[in-house]
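Each chain is listed here by its residues.
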Amino acid sequence: MSNGTIQGAHDHGFEVGQQGRVSHTVTEADTAAAQGSGDVPALATPRLLALAEAATLVAIAGSLTSGDSTVGTRVDVEHIAPMAVGSDVEVLATLQRVDGRLLRFEFAAADDTGRLIGHGHVTRVVVNRKRFLDRL
């Protein structure tokens, strides 16, 4: 370990504190009613999670070696406030821990006023894309 950079099992250089940000305007397709996770026309929890996972990918963009990818293995989401269609949401993911191939992120989602609407953790694992796909 040097200068905060942790070398993983595949010689990846992940640095604790790496961040990724995703912004999105809520559409009808993002609602609980459309996603099948409820019957209200507000941002669905599965869509909030998908945005959080997208932010984790932005956080590590450029840190993977050719032929590798990451897959989600564990999530913990607390969706604490509703968002209407047309609202803007921003999700910030921060790499909190690296343990070999395991990457643990913390994320926070807020509306355009800065009000926290959700937060949680996402764990991803570095995989060799070809070997992973061969297992399908």
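Let me sum up the structure you'll find in this document. Nothing here was measured: the structure is a model prediction, and the numbers come from that model. The numbers attached to residues start from 1 for each chain and follow its sequence in the written order. Local features are withheld for residues below a pLDDT of 70 in this predicted model, meaning they are given only at 70 or higher, and side-chain atom pairs are given and counted only at 80 or more; totals for whole chains, interfaces and linings count all residues. Excluded from the side-chain calculation are hydrogens and water; included are all heavy atoms of the structure.

Helical segments are the DSSP runs of H or I of at least four residues, strand segments are the runs of E of at least two, and each set is numbered from the N terminus. Helix and strand counts for the chain come out as 3 helices and 7 strands. Listed by position from the N terminus, the elements making up the chain come as β-β-β-α-α-β-β-β-β-α. Across its three principal axes, the chain shows a C-alpha extent of roughly 45 × 35 × 20 Å. In the chain, the share of contacts with a sequence separation of at least 24, taken over all contacts with a separation of at least 6, comes to 63%. Method for areas: the Shrake-Rupley scheme with a 1.4 Å probe, in which residue coverage is limited to the protein chains shown. As displayed, the chain has an accessible area near 7400 Å², and 50% of this comes from carbon and sulfur atoms. Charge assignment in this entry is limited to Lys and Arg as positive and Asp and Glu as negative, and neither His nor the chain termini are counted. Throughout, a charge is located at the NZ atom of Lys, the CZ atom of Arg, the CG atom of Asp or the CD atom of Glu. Each charge sign in the chain was given a centre, from 12 positive and 16 negative side chains, and these centres are 10 Å apart. Note on contacts: a residue pair qualifies if any of its non-hydrogen atoms lie within 4.5 Å across the two residues.

The next point concerns the environment of aspartate 76. Structurally, aspartate 76 is set in strand β4 (residues 68–79). Exposure classes here rest on a 1.4 Å probe applied to the protein chains alone. A residue is buried below 20% of its type maximum, exposed above 50%, and partly exposed in between. Look at aspartate 76 and you get partly exposed, because its relative accessible area is 45%. Separated by 59 residues in the primary sequence, aspartate 76 and glycine 17 have C-alpha atoms spaced 19 Å apart. Sequence-distant contacts of aspartate 76, that is, excluding residues within four places in its chain, are made with Phe107, His119, Gly120 and His121.

Before going further, it helps to examine helix α2 (residues 45–60). Given a helix with a known number of residues, its expected span is that number minus one, times 1.5 Å. When the terminal C-alpha atoms of α2 are compared, their 23 Å separation across 16 residues agrees well with the 22 Å that a helix rising 1.5 Å per residue should span. Of the positions making up α2, those classed as buried are Arg47, Leu48, Leu49, Leu51, Ala52, Ala55, Thr56, Ala59 and Ile60. At the exit of α2 stands glycine 62, carrying a positive phi of roughly 90°.

Another point: the nonpolar core. Buried Ala, Val, Leu, Ile, Met, Phe, Trp, Tyr and Cys residues form a nonpolar core when they are joined through side-chain atoms within 4.5 Å. Formed by 17 residues in total, the largest nonpolar core has its most connected members in Val89, Val91 and Ile117. Counting residues per element, this core draws most heavily on α2, which supplies 5 residues. Excluding residues within four positions of it along the chain, valine 91 makes contact with Gly20, Arg21, Val22, Leu48, Leu51, Ala52, Ala55, Phe107, Ala108 and Ala109.

What makes two strands pair is DSSP finding at least two bridges between them. Within the open sheet, the 5 strands sit side by side as β3-β5-β6-β7-β4. Their pairing is antiparallel. Two strands lie at the open edges of the sheet, namely β3 (19–25) and β4, each paired on one side alone. Ignoring strand direction, the axes of neighbouring strands in this sheet form an average angle of 25°. Its contacts with the sheet put α2 on β3, β4, β5 (88–99), β6 (102–111) and β7 (116–128), and the angle it makes with β3 is roughly 140°. Helix axes use the C-alpha atoms of the stretch in contact, all axes being lines fitted to C-alpha atoms, and the angles between their N-to-C directions lie in the range 0 to 180 degrees.

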